[in-house]
Structure formats: structure tokens, C-alpha cells
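Here are the chains, one letter per residue:
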Amino acid sequence: MHTEDGTCAVEDAELHVRRLGDGPPLLIIAGGIGAAGSYETLAGLLAEQYTVLLYDRRGHFRSADRTEGPIPVERHADDARAVIQHFGFGQALVFGSSAGAQIGLALAAGYPETVGGLVAHEPPAVRLLPDADEWLEFAAEQVARTEGGDLMTAFKGFLGSIAGAGLPTVGTVRLSNEAEWRVLFTRELARFYEYLPDIEALRRSQVPIVLAAGEGSRGYYHYRPARVLALELGLPFVEMPGAHLAPQRNAADFATALSELLRDLVL
């Protein structure tokens, strides 16, 4: 299978990008700490049908970032658009999970001509929820802990809120990808939670959108926004296999379900 790695220049940053497979273009936007590699198995499966486009989010792993302070979701959407264009496409299907789903929604709202269809899996759009203040405060707590030098407590608190994530063992001394988690908590997490999808822009966009959440995430804060947003937009809400991390941990089953959704979007 042909794989192409490269660098995509964007405003104040350079993104590490990857392309694999053949077929209609499909951009995958990572959640968590923004690693294209976290979806390696899923991308390989989908590359049997699609030209899969991946990238590390700015400031993470192999992607540079020359800005400081919080990174707005809209800037991430600008980056996602640039990745599609970097590979010579005017439009692509888009799949985003968690923070990646928030970016996908911002991309569809801001650049609808770029998105041929979007599957948004468990966007943490907590401002759509009646208990929004609780979750905005939760995000602020992880930021404060990290800035106060207690990254491990922030990490454990964050993971403990996610369905099926599993907490690290008590004996954990050092956190893997420590720098990446610090960027997420200090520069991105609050913005991802605060981002309220532009419902009117999404209605006007005419982009085919499916809001999705894992059957193993029922009742969790990261499941509920997809359902609320689907109702607001009068769009489909679909349960998918697994929980929040299913795109990484249950890639085969997830790829099968996602392929069906993507096919339905373009019919």
C-alpha cells in the first residue's frame, strides 16, 4: 500500500502529514494528544477503500507550532482544511473523534465547501448539556493542576472521566508522552470543552453530517453532546461499537461501522 509522508506549511506552524491508500479522500482528525499514529490501524483498514489523510495536530509529535497560549478550535479547523488542500483535494470526507470531532464540526461550519460529509464521534461539546458548568470546571481543574506542576493528577482525572479508558497502574512513575499531555491540558483542553458548534452555520452548510457515540459510552458526558446536537440539527444519531477510544482499541469493528456510515453519507 502506497504511503506518503510530508510537511504541510500553515500559519505559524508546520504539520506532519501522511497519505495512504487509494479512492475518495477521507481526512481523519485525531482527538486526545493529536497523534496521527494513534489511528494507524483504523487508517490502514480504511485505506482499502479511501485515500486516507492524517496529520499530527500543531504542537504535537512531529508537527511544529510557533504560537503561544490557547489554541482555538477554529485554528485547528484552518489546519485541517490546509491538510486537505495540501494533498491536492478540494473536498474530502471527514471523520473526527473527541476533540477531532469538535474540529470537524468547526471545519464543516467554517469551510463547508471542503467537507463532502462528516462523521463526528463523541465531540465533547459540553456547553450543549444542562450540566455544562460542571464539565467546564472539570476542564479548568486539569489545566490548573498541570500549570501547578501536577500533570499526573490531571492525567488521571481526565482519564477517569472517559468510558473504557482505564487508569494507569498505581506504580506509574513517569507519564508517556508527557510533553504532549502538557500541551493538551494547558493550551487545548479548555478550548475543546468551551467550543459550541455553530448550529446555524451547520444548518446552512448542507454538509451531510452524522453524529455518533459509542454504545459503551452511554451516560457519559462525551456521549450526550452528539445526541443533543443531532436533535438540534434534525440529523441522524448513530451508536457505534465500543466506547470513547474504540477507533484506536476496536479498530476492526469500528472501521466496518464507519465505512457503512461513510457510504450512506455519499449516496
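A quick note: this is a predicted structure, and the numbers were derived from the prediction, not measured.

A. Quick peek at the overall build of the protein. Check the secondary structure of the protein and you find 10 helices and 9 strands. The C-alpha atoms of the protein give 17 Å as radius of gyration, which agrees with the globular expectation for 267 residues (18 Å, within 12%). Here the C-alpha coordinates of the protein stretch approximately 50 × 40 × 35 Å along the principal axes. A total of 267 residues make up the protein; the buried ones form 54% of that total. Across the protein, every contact between residues at least 6 apart in sequence was considered, and the portion connecting residues at least 24 apart equals 72%. As displayed, the protein has an accessible area near 11,100 Å², and 49% of this comes from carbon and sulfur atoms. Across the protein, the mean location of the 22 positive side-chain charges is 1 Å away from that of the 35 negative side-chain charges.

B. Representation of a negative patch on the surface. Taken together, the side chains of Asp-133, Glu-134, Glu-137 and Glu-141 define an acidic patch exposed on the protein surface. Relative to the helices and strands, Asp-133 resides in helix H4 (residues 132-147).

C. Summary view of the pattern of salt bridges. Applying the stated criterion across every chain yields a total of 13 salt bridges. Across the pair Arg-182 and Glu-178 runs a salt bridge, and its minimum N-O distance is 3.2 Å. Within this pair, Arg-182 and its partner Glu-178 are both found in helix H6 (residues 178-194), separated by 4 residues, close to a single helical turn. You can call Arg-182 partly exposed: its relative accessible area is 35%. We note a salt bridge from Arg-191 to Glu-194, for which the minimum N-O separation is 3.1 Å. Linking Arg-191 with Glu-194, this pair stays in helix H6, spanning 3 residues, or about one helical turn.

D. Molecular detail of the nonpolar core. Grouped together as the largest cluster of nonpolar side chains are 63 residues, with contacts concentrated most on Leu-27, Tyr-55, Phe-158, Trp-181, Phe-185, Tyr-193 and Tyr-221. Among the elements that make up this core, the one with the highest residue count is helix H3 (residues 99-110) (8 residues). Phe-158 has contacts with Phe-138, Gln-142, Trp-181, Leu-184, Phe-185, Leu-189, Tyr-193 and Tyr-221, leaving out every residue within four places of it along the chain. Core analysis: the second largest hydrophobic core is formed by 28 residues, Val-119, Ala-212, Phe-254 and Leu-261 among them.

E. Molecular detail of the pairing of strand E7 (residues 115-121). Most of E7 is tucked away, with 7 of its 7 residues classed as buried. Here strand E6 (residues 92-97) runs beside E7; their pairing, made up of 6 bridges, is parallel. The residue bridging Ala-92 from the neighbouring strand is Val-115, located in E7. In terms of handedness, the path from E6 via H3 over to E7 forms a crossover that is right-handed. Pairing of E7 with strand E8 (residues 209-214), which is carried by 4 bridges, proceeds in the parallel orientation. By the bridge assignment for E8, Leu-118 is matched with Ile-209.

F. Highlighting the pairing of strand E1 (residues 3-10). As judged from the 8 bridges shared by E1 and strand E2 (residues 13-20), these two strands associate in the antiparallel manner. Bridge pairing in E2 places Gly-6 opposite Val-17. Between the end of E1 and the start of E2, which pair antiparallel, lie 2 residues, with Asp-12 showing a positive phi angle near 60°.

G. Region of the structure containing helix H8 (residues 224-233). Within H8, the full set of buried residues consists of Pro-225, Ala-226, Leu-229, Ala-230 and Leu-233. When H8 is viewed along its axis, its buried side chains cluster within an angular range of 135° and face the same direction. Here the buried face of H8 lies against H3, helix H7 (199-205), E8 and strand E9 (237-240). Remark: Gly-234 follows H8 within two positions and exhibits a positive phi of approximately 65°.

H. Layout of unusual backbone geometry. Even without a glycine there, the phi angle at Asp-12 is positive, about 60°. Topologically, Asp-12 is positioned in the loop between E1 and E2. Phi is positive for Ser-98, which is not a glycine, with a value near 60°. Inspection of the secondary structure assignment puts Ser-98 in the loop between E6 and H3. For Ser-98, a relative accessible area of 15% translates into the label buried.

I. A look at the packing of aromatic side chains. On inspection of all chains with the given rule, the structure shows 12 aromatic pairs. An aromatic cluster is present here, built from Trp-135, Phe-138, Tyr-193 and Tyr-221 joined pairwise through their rings.

What counts as what
Residues numbered from 1 in each chain as written. Predicted model: local features only at pLDDT ≥ 70, side-chain atom pairs only at ≥ 80, totals over all residues. Heavy atoms only, no water. Helix = DSSP H or I, 4+ residues; strand = E, 2+ residues; numbered from the N terminus. Rg over C-alpha atoms; globule rule 2.2 N^0.38 Å. Buried < 20%, exposed > 50% of the residue type's maximum accessible area, 1.4 Å probe, protein only. Contact = heavy atoms within 4.5 Å. Areas by Shrake-Rupley, 256 points an atom, 1.4 Å probe, with all protein chains shown as cover. Lys, Arg positive; Asp, Glu negative; His and termini not counted. Charge placed at Lys NZ, Arg CZ, Asp CG, Glu CD. Patch = residues over 30% accessible without salt bridge, like charges linked within 9 Å, V, L, I, M, F, W, Y side chains within 5 Å. Salt bridge = Lys/Arg side-chain N within 4 Å of Asp/Glu carboxyl O. Core = buried A, V, L, I, M, F, W, Y, C linked by side-chain atoms within 4.5 Å. Pairing = 2+ DSSP bridges. Right-handed = clockwise from strand over helix to strand, strands pointing away. Arc of directions from axis to C-beta. Phe/Tyr/Trp six-rings, centres within 6.5 Å; stacked < 30°, edge-to-face > 60°.

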